[in-house]
Amino acid sequence: MIDAAANLLALRTRLLALSFAPTGAIEAAATATGYTRAAGSFLTDGLAPGMEATAAGFATAANNGTGALTAVTAGALTVTSYTVAVSGAPAGYTVTPRTLVVEAAAAGRSFSVALPALRAWGNVPFEPVAGMPWIEEDYLPGPSAQIGCGPRGEIEGFPQYVLKLYVPAGTGALAAAGYVKALLALFAPRTAMPLTGSDVLRVRADPAPYATSLVPVEPGFAALTVTIPLRIETLNAI
Amino acid sequence: MSFAGDLLRFRLKVERRANAVFVNVAASTKASITDGSPITGAPGQPVDTSFLKNSWQLTFPAPNVAEILTGCAYARTIEDNLRGATLRSKVGGFHSVKLTRAGFPRLVEAANAAVPQ
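Here the residue index of a chain counts from 1 through its sequence in written order. Chain labels run from A onward and ligand labels from 1 onward, assigned in the order the entries are written. Reporting in this predicted model follows two pLDDT cut-offs: at least 70 for local features of residues, and 80 or more for side-chain atom pairs to be given and counted; totals over whole chains, interfaces and linings ignore these cut-offs and use all residues. Based on all heavy atoms of the structure, the side-chain values leave hydrogens and waters out of the count.

Novice: For the overall build of chain A, give the residues involved together with the corresponding values.
Specialist: Regarding its fold elements, chain A presents three helices and 18 strands. Across its three principal directions, the C-alpha atoms of chain A cover 70 × 35 × 30 Å. Considering only intrachain contacts with a sequence separation of at least 6, the fraction spanning at least 24 residues in chain A is 66%. In short, Shrake-Rupley with a 1.4 Å probe defines the accessible areas, and a residue's cover is counted only from the protein chains shown. Only carbon and sulfur atoms are counted for the fraction: they give 61% of the accessible area of chain A, which is about 10300 Å². Helix and strand labels come from DSSP, where a helix needs a run of H or I of at least four residues and a strand needs a run of E of at least two; each type is numbered from the N terminus. Note on definitions: a residue-residue contact is assigned when non-hydrogen atoms from the two residues lie within 4.5 Å.

Novice: Describe the pattern of salt bridges, listing the residues and the values that go with them.
Specialist: Residue and element names in this part refer to chain A. Salt bridges, as used here, are contacts in which a Lys or Arg side-chain nitrogen is within 4 Å of a carboxyl oxygen on Asp or Glu. Scanning the model with the defined rule gives 14 salt bridges over all chains in all. Notably, a salt bridge pairs Arg231 with Glu156, separated by 2.7 Å at the nearest N-O pair. Taken together, the residues Arg231 in strand β18 (residues 221–235) and Glu156 in strand β12 (residues 154–157) connect sequence positions 75 residues apart. Only protein chains enter the calculation, and the probe is 1.4 Å; a residue is then buried if its accessible area is under 20% of its type maximum, exposed if over 50%, and partly exposed in between. A relative accessible area of 11% places Glu156 in the buried class.

Novice: So, the interface of chain B and chain A: which residues are in play, and what are the values?
Specialist: Taken residue by residue, the interface counts 16 residues in chain B and 30 residues in chain A. Taking both partners together, chain B and chain A bury about 1800 Å²; carbon and sulfur atoms supply 53% of that area. By convention, the term buried area covers the 1.4 Å-probe accessible surface removed from two parts as they join, with the contributions of both added. Of all residues in chain B, Arg76, Arg83 and Arg106 of chain B bury the most surface against chain A, accounting for 41% of the area lost on that side. One can count one salt bridge joining chain B with chain A.

Novice: An account of the nonpolar core is needed here, citing residue identities and associated values.
Specialist: Here the nonpolar core consists of buried residues drawn from Ala, Val, Leu, Ile, Met, Phe, Trp, Tyr and Cys, with membership extended through side-chain atoms lying within 4.5 Å. Residues Tyr35, Leu47, Leu77, Phe111, Tyr161, Leu163 and Phe187 of chain A are the most contacted members of the largest nonpolar core, which totals 63 residues. Of the residues forming this core, the biggest block, eight residues, is contributed by β18 of chain A. The contact partners of Tyr161 of chain A, leaving out residues within four places of it in the chain, are Leu8, Leu11, Arg12, Leu15, Trp121, Glu137, Asp138, Tyr139, Val226, Thr227, Ile228 and Leu230 of chain A. Listed in part, the eight residues of the second largest apolar core include Leu52, Trp56, Ala75 and Phe94 of chain B.

Novice: Would you mind going over empty space enclosed by the protein in detail, with residue names and values included?
Specialist: Residues and elements named next belong to chain A. Detection works on a 1 Å grid of protein atoms alone, calling trapped sets that fit a 1.4 Å probe cavities and calling open sets with protein on both sides within 12 Å along at least five of seven lines pockets, with lining residues defined by an atom within 4 Å of a point. Grid points are joined across faces, edges and corners, and a volume is the space filled by probe spheres set on the points. The final tally for this structure, using the stated rule, is one cavity of 30 Å³ or more. When its volume is computed, the largest cavity comes out at roughly 40 Å³. Around the largest cavity, the lining residues are Tyr35, Ala53, Thr54, Ala55, Gly65, Gly67, Leu69, Leu77, Val79 and Phe111. Elements represented by at least two residues in the lining of the largest cavity include exactly β4 (52–56), β5 (65–72) and β6 (76–86).

Novice: Mind laying out the packing of aromatic side chains, listing which residues take part and the relevant values?
Specialist: Residues and elements named next belong to chain A. For this analysis, a ring pair means two rings from Phe, Tyr or Trp (six-membered ring only for Trp) whose centres lie within 6.5 Å, classed as stacked if their planes differ by under 30 degrees, edge-to-face if by over 60, and tilted for the remaining angles. Considering all chains together, one arrives at twelve aromatic pairs over all chains under this definition. Between Tyr93 and Phe126 the ring centres are 6.1 Å apart and the planes differ by 80°, which places this aromatic pair in the edge-to-face class. Of this pair, Tyr93 sits in strand β7 (residues 93–97) while Phe126 sits in the loop between β9 (118–120) and β10 (134–140); the two residues are 33 residues apart in sequence, bridging distant segments of the chain. Phe126 carries the same exposure label as Tyr93, and that label is buried.

Novice: An account of the environment of Thr31 of chain A is needed here, citing residue identities and associated values.
Specialist: Residue and element names in this part refer to chain A. With respect to the helices and strands, the residue Thr31 is situated in the loop between β2 (26–30) and β3 (34–37). The class for Thr31 is partly exposed, based on a relative accessible area of 25%. Apart from residues no more than four positions distant in its own chain, Thr31 is found in contact with Thr36, Leu100 and Val102. Separated by 3.2 Å, the side chain of Thr31 and the backbone nitrogen of Thr33 make a polar contact. Whenever two N or O atoms come within 3.5 Å, that pair is a polar contact, provided that in protein one can donate a hydrogen and the other can accept it, and provided that, for residues adjacent in sequence, both atoms are side-chain atoms.

Novice: Which residues make up the pairing of β18 of chain A, and what values do they have?
Specialist: Residue and element names in this part refer to chain A. Of all 15 residues making up β18, twelve are buried, and the element is well covered by its neighbours. Strand pairing follows a simple DSSP-based rule, namely that at least 2 bridges must link the two strands. Examined bridge by bridge, β12 and β18 share four bridges and lie antiparallel to one another. Opposite Glu154, over in β18, you have Leu235 as the bridge partner. Both strand β13 (residues 160–168) and β18 contribute to a ladder of nine bridges, which runs antiparallel. Note that in β18 the partner of Tyr166 across the bridge is Ala223. Two elements, strand β15 (residues 200–203) and β18, share four bridges in a ladder whose sense is antiparallel. Within β18, the residue paired with Leu201 across the bridge is Ile232.

Novice: Tell me about the pairing of β10 of chain A, and please be specific about residues and values.
Specialist: All names here are of chain A. Taking burial as the measure, the seven residues of β10 include seven buried ones, the bulk of the element. Residue alternation in β10 divides its side chains into two sets, Trp134, Glu136, Asp138 and Leu140 and Ile135, Glu137 and Tyr139, and both sets are buried. Note that β9 and β10 share three bridges and pair parallel. From the neighbouring strand, Ala120 faces β10, where its bridge partner is Glu136. Relative to β13, β10 is paired through seven bridges, and the arrangement is antiparallel. Pairing of Leu140 across the sheet is with Gln160, part of β13.

Here it is as structure tokens:
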């Protein structure tokens, strides 16, 4: 039978692997408000205001971690840095501001963008935080039908995974576009997600995953939706 | 009776059937969005004042083109269940357009089967 919980967990596992706009190992410095580099370009690497970037490789621990990009140029990132922890509070997460420490340029530093740390999973309390991007999911079980013969015949289902991306208002369109491009690549048509047994959840090719345009929503955010149509075949359990 | 006459009658029959399937598909697609459908799994539009549901219009701007449109400002918030959307209706729900789109091939199959041979 179609196992909605197994499908959802497989989709989340894949979603959590989202990673894009990597700079690779570069020579970079930390300032009180962000990071700088002398060679290469943060813009060319795909970083944009509104994204949540992760810095790594700095000697000072406070300079490593996540932060919302508020401005991006070829040689500088302006960042609101913070640490996010899952909590039992009504908001679901605890966000602790982190102060960057000035650190001279050195090699071996890197930056990349992953899934926003604030995630509104289905039916879990959540409150967004101003200035931080976040993502929300809806899993749609969709219709199913038996397409094989007999009591153990094959059942075909068409669930969908709907991801809603919220980026801080006023940060432009590039952050959302970057997230969408990475999500569509992560869930490319015909992507297979093995489940328990012989069942496989696949991303459909027609309709293939698609995104909507960016629209202003509640004060402080703009949102768009990425829809991932899926197909699963399993055996009837009668 | 002639071969040319047979061909003409067959062509007219195919055209009538194709047109009937096309119109039925358009109508069932719109119905899936507004009223819901067991074929697509779409829940249909929620109804509070009926403004949203009644805002959906099916038009045929060209012989082989059907458009299903809404001018309701909050239609997308309901469709995508964006933050701030509240379901106050006992009928309908979110994501009806997505589910209808995903189930479109089955709507075509059903419309085709419903047209007499």
